[in-house]
Amino acid sequence: MSGVKELALLLGSLKPKLLEQEFVFCTQQGELSGYLSLKPLASFVETEGLTLILEKQQALLANLHFDGSFKQITLTVHSSLEAVGLTAAVATKLAERGISANVVAAFYHDHIFVPAHQAEIALSALQEFSD
């Protein structure tokens, strides 16, 4: 099943879902295999190091440094990886309220990481698309 590409249909069908856990972004040296026991939600290899998105509690237990705590909002619509404008529309909506948006696109859904203390405001803002 391919995802939705049409922006108007995507925005009207977002059905954003706020997850309860808090997540952090950490950067480490070494290979991902050395951190699998922490059960990272996602990882990305950058020139400067390995970025891990972890549940906050896992990072604290492993004594890993992080700046800020984030909550995940999943856009439950099945968006196409070739959809144009979804990230821009979401980021603009959140920016209007002074909320940063760290977007991770996966095969089925887009996941927005927002500062934990602004998560409820972000969720309300994204729900406006389908009002």
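Everything below is about the structure shown above.
(A) Representation of helix α4 (residues 119-127) within the structure. Every buried residue belonging to α4 is among Ala-119, Ala-122, Leu-123, Ala-125 and Leu-126, and all of these are buried. Each buried residue of α4 sits inside an arc of 160° when the element is viewed along its axis, so together they form one side. In this fold, the buried residues of α4 make contact with β1 (16-28), β4 (70-75), α3 (86-95) and β6 (110-115).

(B) Structural detail: the layout of surface pockets. Looking at the largest pocket, its volume works out to about 190 Å³. Lining the largest pocket are Phe-25, Ala-42, Ser-43, Phe-44, Glu-46, Thr-51, Ile-53, Asn-102, Val-103 and Val-104. Mapped by element, the contributors of at least two residues to the lining of the largest pocket are β2 (42-46), β3 (49-55) and β5 (102-105). Tallied by class, residues from the lining of the largest pocket come to 6 nonpolar, 3 polar and 1 charged.

(C) Broad picture of the pairing of β1. By the bridge criterion, 5 bridges tie β1 to β4 in an arrangement that is antiparallel. Looking at β4, one finds that Lys-17 is bridged to Thr-74. As paired strands, β1 and β3 are joined by 6 bridges and run antiparallel to one another. Among the inter-strand pairings, Cys-26 is bridged to a residue of β3, identified as Leu-52.

(D) Representation of the pairing of β6 within the structure. β6 sits mainly inside the fold: 6 of its 6 residues count as buried. For β4 and β6, the ladder comprises 6 bridges, and the chain directions are antiparallel. Bridging across to β6, Lys-71 finds its partner in Val-114. Between β5 and β6, which follow one another and run antiparallel, lie 4 residues.

(E) Broad picture of the packing of α3 against α4. Here α3 crosses α4 at 125°, and the two axes come no closer than 9 Å. By the angle between their axes, α3 is oblique relative to α4. Crossing of α3 against α4: the hand is right-handed. Across the interface between the two elements, Val-90, Lys-93 and Leu-94 of α3 pack against Ala-122, Ala-125 and Leu-126 of α4.

(F) Structural context of the environment of Asn-102. In this fold, Asn-102 is placed in strand β5. Taking relative accessible area as the criterion, Asn-102 reaches 31% and is therefore assigned partly exposed. In sequence terms Asn-102 and Ser-13 are 89 residues apart; their C-alpha atoms lie 20 Å from each other. Sequence-distant contacts of Asn-102, that is, excluding residues within four places in its chain, are made with Phe-25, Phe-70, His-111, Ile-112 and Phe-113.

(G) Representation of the nonpolar core. Membership of the largest hydrophobic core comes to 18 residues, with the highest contact counts inside it found for Ile-73, Leu-75, Leu-86, Val-90, Leu-94, Ile-112 and Val-114. Those elements giving two or more residues to this core turn out to be α1 (7-12), β4, α3, β6 and α4. It is α4 that contributes the most residues to this core, 5 residues altogether.

Criteria and cut-off values
Residues numbered from 1 in each chain as written. Predicted model: local features only at pLDDT ≥ 70, side-chain atom pairs only at ≥ 80, totals over all residues. Heavy atoms only, no water. Buried < 20%, exposed > 50% of the residue type's maximum accessible area, 1.4 Å probe, protein only. Helix = DSSP H or I, 4+ residues; strand = E, 2+ residues; numbered from the N terminus. Arc of directions from axis to C-beta. Contact = heavy atoms within 4.5 Å. 1 Å grid on protein atoms, 1.4 Å probe; cavity = no way out; pocket = protein on both sides within 12 Å on 5 of 7 lines; lining within 4 Å. Points joined across faces, edges and corners; volume = space filled by probe spheres on them. Nonpolar A, V, L, I, M, F, W, Y, C, P; charged D, E, K, R; others polar. Pairing = 2+ DSSP bridges. Axes fitted to C-alpha atoms, helices over the stretch in contact; angles between N-to-C directions. Parallel < 35°, antiparallel > 145°, perpendicular 65-115°, else oblique. Left-handed = near helix turned anticlockwise from the far one by under 90°. Core = buried A, V, L, I, M, F, W, Y, C linked by side-chain atoms within 4.5 Å.

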